[in-house]
2 protein chains.
Amino acid sequence: MKGKVDTATAFAPASIGNVAVGFDMLGLAIAGVGDRVIATRVAGTSLSIAEVRGLDGEIHPYLSADPEQNTASIAAQALWDARGDGTGLELKVLKGVPLQSGMGSSAASAVAAVVAVNALLDSPLSTLQLLPYALEGEKFASAAQHADNVAPSLLGGLVFCPESLYPSMIPVSPVAGVSSVLLHPEMQINTASSRKKLARGYSIDQWLKQQGLLGGFLLACERGDVELIRRTLIDLLIEPQRSSSVPCFTGVKEAAMMANALGCSLSGSGPSIFALCASQEAAKVATAMEQACRRFGYECQSWISPMNAPGARVESTK
Amino acid sequence: MKGKVDTATAFAPASIGNVAVGFDMLGLAIAGVGDRVIATRVAGTSLSIAEVRGLDGEIHPYLSADPEQNTASIAAQALWDARGDGTGLELKVLKGVPLQSGMGSSAASAVAAVVAVNALLDSPLSTLQLLPYALEGEKFASAAQHADNVAPSLLGGLVFCPESLYPSMIPVSPVAGVSSVLLHPEMQINTASSRKKLARGYSIDQWLKQQGLLGGFLLACERGDVELIRRTLIDLLIEPQRSSSVPCFTGVKEAAMMANALGCSLSGSGPSIFALCASQEAAKVATAMEQACRRFGYECQSWISPMNAPGARVESTK
């Protein structure tokens, strides 16, 4: 195996799914929080997980180290089966993203895994080519193949990735001077079961209104039109169905909007809540959201990110 | 009335409504075909229509000269009531756009009327401010207030104008090297009754697919990505419900796509059919569409336009 990379460490960020206007098709990367995967060639031919640890350094209390039950290993296996050289692989997973948080936890693990394994390949794939493999892991976790967390975790920034254009991912221009605030209240929501509760049918008036907001938001970002972001960053269809399962949602959203956020909605299926705002007001918006969340009795944490937060990256190889 | 403009002539182009991906919210101006309105101050205080003529110079056989039954006069009256000086007005309408053609005939008349009347005002409004008045005429004709014909007829080019953003209209970047072909088969479809036949309910999968195509198409135009236009210029929801009322549709669309069009669909509720294509192939696409239409026994006419075809304009004043 001379000349080959034997071990690679990759980091992949958390992400905001849906971004209010783009259910299942729009996602935004977050800075400063993500998962890390170390992939190492080992003897044999099988892929195993050596350990899954949390931020506290302890073995993760919930996540499985069974390679058939972990999004990181499922994604890694898919890539290694397609492109690897048949040697054994061992993964270490360091979970930085809280589980069932609406922050794209499963996507971050899957993306970190494929980016690490990609660095072990004789002919690494481009970032764009990694999407299908990362989605294999996401599919296991969320029971649906949509890329609104995987795509921004891979590419960084804001990414438009509707199923109708799969496997294309279209990076949307980041808006200078606009930041995201992501608030994570300490509670959990299962994405797959949240999805099953959504209404299946919508009137033509409903979808045209939401579609108009999505189109307006994409054009607003392309033009850097902050006031148009304010008018369009609205989820008329999904948020009203999901917000009642996050008791602090209404209070946190009101606090964000009172602090002059451009818009505020659930991240993915929640419980995390995000806002976009002028960058110079981000600290104020984050504080207002945290205070409101705590008034409802939930401990919480928040992150502020520019709209062009970086995507996954290889941190080291040897 | 010294110093005032006494008479003004304005032209407003026909337009492609919906543009396949943007039902009720996206429209594209056409070059070389439109309506002309001459507005003249007269004695008295009322607004009248002196005549409505067709392209042949004869009195129009179908359109009413009753000012309460004509989109041009209804739109003109709305603007004159709001901003005029109370004198009488007389309109002459020269119809260049075929009726019930799916080419935005009522919008062209309403837009030409407000642009002509605007030129008579002491303080003319901006083009953007004319939208609500032109829509008054359109509302009478199509029984719905959507701007997908009025907005491109006013502004020219491709315009995104969803009801959720009313009264904003967002011009979308024209794509260099791409042209539209509009084919008008000689038959008529009533927009208002066509609208009533549409399904009211859609599944979440249906609207997400269509919304993904709309978003992709808008980003494709913004980026000048011709291949992405080809992948996204598709109407999955409305076209299948309407195309059977245009017997030549399937044949014309097949001919356009065989001639390498980027996409082809009904213009508005039809019967007109449009395609987008590389500009250097537009003549070939137009010929293929015309030939296919005639094979189905319909006489037809077609127009080729750049994506930045001009909007309404004042042609003369005195």
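The rules we used
- Residues numbered from 1 in each chain as written.
- Chains lettered and ligands numbered in written order.
- Predicted model: local features only at pLDDT ≥ 70, side-chain atom pairs only at ≥ 80, totals over all residues.
- Heavy atoms only, no water.
- Helix = DSSP H or I, 4+ residues; strand = E, 2+ residues; numbered from the N terminus.
- Rg over C-alpha atoms; globule rule 2.2 N^0.38 Å.
- Buried < 20%, exposed > 50% of the residue type's maximum accessible area, 1.4 Å probe, protein only.
- Areas by Shrake-Rupley, 256 points an atom, 1.4 Å probe, with all protein chains shown as cover.
- Lys, Arg positive; Asp, Glu negative; His and termini not counted.
- Charge placed at Lys NZ, Arg CZ, Asp CG, Glu CD.
- Contact = heavy atoms within 4.5 Å.
- Buried area = accessible area lost by both parts, 1.4 Å probe.
- Salt bridge = Lys/Arg side-chain N within 4 Å of Asp/Glu carboxyl O.
- Polar contact = N/O pair within 3.5 Å; in protein donor to acceptor, adjacent residues only side chain to side chain.
- Nonpolar A, V, L, I, M, F, W, Y, C, P; charged D, E, K, R; others polar.
- Pairing = 2+ DSSP bridges.
- Domains from an automatic or database assignment.
- Axes fitted to C-alpha atoms, helices over the stretch in contact; angles between N-to-C directions.
- Parallel < 35°, antiparallel > 145°, perpendicular 65-115°, else oblique.
- Left-handed = near helix turned anticlockwise from the far one by under 90°.

Within chain A, the regular secondary structure consists of 10 helices and 12 strands. Against the compact-globule benchmark of 20 Å for 318 residues, chain A has a radius of gyration of 19 Å, which places it among compact chains. Each principal axis of the C-alpha atoms in chain A carries an extent, and together these give about 60 × 40 × 40 Å. A buried classification covers 59% of the 318 residues belonging to chain A. Taken as a whole, chain A presents about 11,800 Å² of accessible surface, with 51% of it coming from carbon and sulfur. Distance from the positive charge centre (24 side chains) to the negative charge centre (28 side chains) of chain A: 2 Å.

Relative to the assigned elements, B:H146 resides in the loop between α3 (131-142) and α4 (150-155). For B:H146, a relative accessible area of 9% puts it in the buried group.

This part covers unusual backbone geometry. In terms of backbone geometry, most residues other than glycine have negative phi values and most peptide bonds are trans. With an omega of 5 degrees, the peptide bond between A:Y166 and A:P167 qualifies as cis. Within the secondary structure, A:P167 sits in the loop between β5 (158-160) and β6 (170-172). Look at the link from A:G270 to A:P271: it is a cis peptide, with omega at 5 degrees. Among the secondary structure elements, A:P271 is positioned in the loop between β9 (263-266) and β10 (273-278). The phi dihedral of B:N18 falls on the positive side, at around 75 degrees, and the residue is not glycine. The topology assignment puts B:N18 in the loop between β1 (7-17) and β2 (26-42). Under the relative-accessibility criterion, B:N18 is labelled buried at 7%.

The interface of chain A with chain B comprises 40 residues on the first partner and 40 residues on the second. In this assembly, chain A packs against chain B so that about 3,100 Å² is buried in total across both faces, 65% of it on carbon and sulfur atoms. For the chain A face of the interface with chain B, the top three residues by lost area are A:I204, A:W207 and A:Q211, together amounting to 20%. Across the chain A-chain B interface, the total number found is 4 salt bridges. Between B:E222 and A:R223 there is a salt bridge, with its nearest N and O atoms 2.9 Å apart. Where chain A packs against chain B, one counts 13 residue pairs in polar contact (both at pLDDT 80 or more). Sorting the residues of the side of chain A that touches chain B by element identifies β6, β8 (201-203), α6 (204-223) and α7 (226-232) of chain A as the ones contributing at least two each. Here the side of chain A that touches chain B gets 16 residues from one element, more than from any other, and that element is α6(A). When the residues that make up the side of chain A that touches chain B are grouped by side-chain class, the tally is 22 nonpolar, 11 polar and 7 charged. Sheet topology note: the β8(A)/strand β8 (residues 201-203) of chain B ladder contains 3 bridges and is antiparallel.

Now for the pattern of salt bridges. Residue and element names in this part refer to chain A. Under the counting rule described, the total for this entry stands at 32 salt bridges over all chains. We note a salt bridge from R294 to E290, for which the minimum N-O separation is 3.2 Å. Residue R294 and its partner E290 are both found in helix α10 (residues 282-295); the two are separated by 4 residues, about one turn of the helix.

Residues and elements named next belong to chain A. Domain boundaries in chain A define domain 1 (7-172 + 308-317) and domain 2 (178-306). A separation of 24 Å is found between the C-alpha centroids of domain 1 and domain 2. With 33 residues of domain 1 in contact, the opposing surface of domain 2 contributes 36 residues. Of the roughly 2,600 Å² buried at the junction of domain 1 and domain 2 (both faces included), carbon and sulfur atoms supply 65%. Looking at the side of domain 1 facing domain 2, the largest losses of area belong to A20, V21 and Q100, adding up to 25% of the total buried there.

Attention now moves to the sheet that holds strand β10 (residues 273-278) of chain B. Residues and elements named next belong to chain B. Taking strand neighbours across the sheet as the criterion, the 4 strands line up as β9-β10-β7-β11 in an open arrangement whose pairing is antiparallel. The two strands at the open ends of the sheet, each matched to only one other strand, are β9 (263-266) and β11 (300-306). With strand direction ignored, the average angle separating the axes of adjacent strands in the sheet is 20 degrees. Those strands touched by helix α9 (residues 249-258) are β7 (178-185), β9 and β10, and its axis lies near 160 degrees from that of β9.

For the rest of this paragraph, the subject is the environment of A:F296. Residue and element names in this part refer to chain A. By secondary structure assignment, the location of F296 is in the loop between α10 and β11 (300-306). Relative accessible area serves as the criterion here: at 42%, F296 is assigned to the partly exposed category. As a C-alpha pair, F296 and A110 span 186 residues in sequence and 33 Å in three-dimensional space. What F296 contacts, discounting residues up to four positions off in sequence, is P247, C248 and G251.

Quick look at α9(B) now. By the burial criterion, the buried members of α9(B) are B:F249, B:G251, B:V252, B:A255 and B:A256. Residues of α9(B) that are buried sit in contact with β7, α8 (239-242), β9, β10 and α10 (282-295) of chain B.

This part takes up the packing of α6(A) against helix α6 (residues 204-223) of chain B. At a minimum axis distance of 10 Å, the contact between α6(A) and α6(B) shows a crossing angle of 25 degrees. In terms of their interaxial angle, α6(A) and α6(B) are classed as roughly parallel. As α6(A) packs across α6(B), the resulting crossing turns out to be right-handed. Contacts between α6(A) and α6(B) involve A:W207, A:Q210, A:Q211, A:L214, A:G215, A:L218, A:L219, A:E222 and A:R223 from the first element and B:W207, B:Q210, B:Q211, B:L214, B:G215, B:L218, B:L219, B:E222 and B:R223 from the second. A breakdown of the residues in the contact of α6(A) with α6(B) according to their chemical character gives 8 nonpolar, 6 polar and 4 charged.

Residue and element names in this part refer to chain B. For β10, the tally of buried residues reaches 6 of 6 residues, placing the bulk of the element in the interior. Bridge analysis of β7 against β10 gives 6 bridges, and the strand direction is antiparallel. Opposite S180, over in β10, you have L276 as the bridge partner. Relative to β10, β9 runs antiparallel, the two being bridged by 4 bridges.

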